[in-house]
Structure formats: structure tokens, C-alpha cells
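Analysis of the macromolecular model
Listed below are the residues making up each chain.
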Amino acid sequence: ITNNEGSSAFPDCKFDLIITPTAGYTGEILSDGLDFDGEVIFYDYTKQNIDIKRTIVEMNMSSTDLEYYVRQSKASFDMGHGWDTISSLVKAQSRMLERYDIDYWVMNLIEPDHNRLLEKVKDKTVYFNASNIFSYHVSHAVYSWDKLISSYYKLHEVLSHAKSYYFRGTNPNKRWEYINK
């Protein structure tokens, strides 16, 4: 449900842009738990995952439908972040859908369109969730160490054009970072 990641405290800041991977319900949890009023962007490197996320969000499944899905799925679901019931996630998703603009980007975080990202974050207060992408074993198998490092720092350079930003994610050394700038 939260992409099998540990929870962290919400930063005490008002955000107007959340950028987060499609996996799990992290975007819904962030939009519901942060002091937030703005746009949510879900990203993934494959269009198929974007299409699945868009369908899940726009279908806005009921608790019954989602519970059925969980029972039928072979995947484990970690409710995490104090979200102890599926109905609480469904309500968060419904509130997100009603209150905020939502966009879906096909974006490989290691090789993003930096200009597009820069235009979106410029002069905004941004919560950027990179998840474990820079430390993911597949990222390390596909990209050189130098590419991962340069991409990681280039992302932070782009984010520095925001009014302010909070970065949550791993660095290429596989350490979690929570950076508030």
C-alpha cells in the first residue's frame, strides 16, 4: 500500500506540488497528510504503470472492491503510516481526486526531461518523493555509478529552482535522505 517503505514524519510546511512514483498509495497519503493545496504528479518509467495508476485513481474503487482486490492479490499489503484500514486509504484517494489536480508523467527519474521538471517545480513549494529509485538494484544493474551520482545531483539542482523543496528518497549509496531546503 505504501510501496513497502517505512514511514517518516510529515514535514511542517505548506506544499503546492507533490511529485511521487505511481507505486502504492503514497501519493494519496501525502496529499491527505501534508499541509497541501495544489497538484499531484504521479510518475513512472513505463506507460503501463501510469495507465494502471490512472485507472485505479479515476475508478476510485470502494472499500469493498479494494478489499476484494487485496484478498485476490498475491502481493503483501503493508498499510503503513498509521493507515490501519483500507477504507481510510479509499477515503484519502477520494479526497485527493475531488480536491486536487492530478497529472501522470512517464518519467525515468535517472534520465528525466530536466527542462519539463524545471518548468513544473520553478517557484513552487515541492514535496518530491524519489522513493528507492536511486538505490534500486535494477537501477544499479542498468546504470553506471557515475550516471546514478550525476543524475541524483542533477535532480537536486533542478529542485533548487523551487521556492523550497522537501526531498524524500534514497541516494545511490542506498541511504534514505530527508532533505528540507
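You'll find the structure just up there.
Conventions we followed
- Residues numbered from 1 in each chain as written.
- Predicted model: local features only at pLDDT ≥ 70, side-chain atom pairs only at ≥ 80, totals over all residues.
- Heavy atoms only, no water.
- Helix = DSSP H or I, 4+ residues; strand = E, 2+ residues; numbered from the N terminus.
- Buried < 20%, exposed > 50% of the residue type's maximum accessible area, 1.4 Å probe, protein only.
- Contact = heavy atoms within 4.5 Å.
- Areas by Shrake-Rupley, 256 points an atom, 1.4 Å probe, with all protein chains shown as cover.
- Expected span 1.5 Å × (residues − 1).
- Axes fitted to C-alpha atoms, helices over the stretch in contact; angles between N-to-C directions.
- Parallel < 35°, antiparallel > 145°, perpendicular 65-115°, else oblique.
- Nonpolar A, V, L, I, M, F, W, Y, C, P; charged D, E, K, R; others polar.
- Arc of directions from axis to C-beta.
- Salt bridge = Lys/Arg side-chain N within 4 Å of Asp/Glu carboxyl O.

1. As for the overall build of the protein chain
Helix and strand counts for the protein chain come out as seven helices and six strands. When the elements of the protein chain are put in sequence order from the N terminus, they spell out β-α-β-α-α-α-β-α-β-α-α-β-β. For the protein chain, the residues scored as buried account for 45% of the 181 residues in total. Excluding contacts between residues fewer than 6 apart, the proportion of contacts in the protein chain whose partners are at least 24 apart in sequence is 66%. Within the structure as shown, the protein chain displays about 9300 Å² of accessible surface, and the carbon and sulfur contribution to it stands at 47%.

2. Comments concerning helix H7 (residues 145-159)
In a regular helix each residue adds 1.5 Å, so 15 residues correspond to 21 Å; H7 covers 21 Å between its end C-alpha atoms and thus fits that length. Of the surrounding elements, those touching the buried residues of H7 are helix H5 (114-121), strand S4 (125-131), helix H6 (137-142), strand S5 (164-170) and strand S6 (176-180).

3. Quick notes on unusual backbone geometry
Of note, aspartate 123 is a non-glycine position whose phi angle comes to about 65 degrees, a positive value. Among the structural elements, aspartate 123 can be located in the loop between H5 and S4. The phi dihedral of serine 131 is positive, around 55 degrees, even though this residue is not glycine. Looking at the element boundaries, serine 131 is found in strand S4.

4. Side note on the packing of helix H1 (residues 26-33) against helix H4 (residues 86-99)
Orientation of H1 relative to H4, taken along the N-to-C sense of each, is 70 degrees, at an axis distance of 9 Å. What the angle tells us is that H1 and H4 run roughly perpendicular. Between H1, through Gly27, Glu28, Ile29, Ser31 and Asp32, and H4, the contact on the second element is made entirely by Leu89, Ala92, Gln93, Arg95, Met96 and Arg99. Partitioned by chemical class, the residues of the contact of H1 with H4 number four nonpolar, three polar and four charged.

5. Focus: H5
Inspection of H5 places Leu117, Lys120 and Val121 among the buried residues, and these make up the whole buried set. Along the long axis of H5, the arc covered by the buried residues comes to 85 degrees, so they all point the same way. Structural note: H5 exposes Asn115 and Glu119 on the side pointing more than 90 degrees away from its buried face. Just beyond H5, the residue with positive phi is aspartate 123, at close to 65 degrees.

6. Topic: the pattern of salt bridges
In a structure, side chains of opposite charge can pair up when their charged atoms sit close to one another. Scanning the model with the defined rule gives six salt bridges in all. Where aspartate 35 meets lysine 14, a salt bridge forms, and the shortest distance between an N and an O atom there is 3.5 Å. Of this pair, aspartate 35 sits in strand S2 (residues 35-44) while lysine 14 is found in strand S1 (residues 14-21), placing the two residues 21 residues apart along the sequence. In this structure aspartate 35 comes out as partly exposed when scored by relative accessible area, which is 44%. In this structure, glutamate 28 engages lysine 53 in a salt bridge whose closest nitrogen and oxygen atoms are separated by 3.0 Å. Remark: lysine 53 occurs in helix H2 (residues 47-59) and glutamate 28 occurs in helix H1; sequence separation between them is 25 residues. Classification of glutamate 28 by relative accessible area gives buried; the value is 0%.

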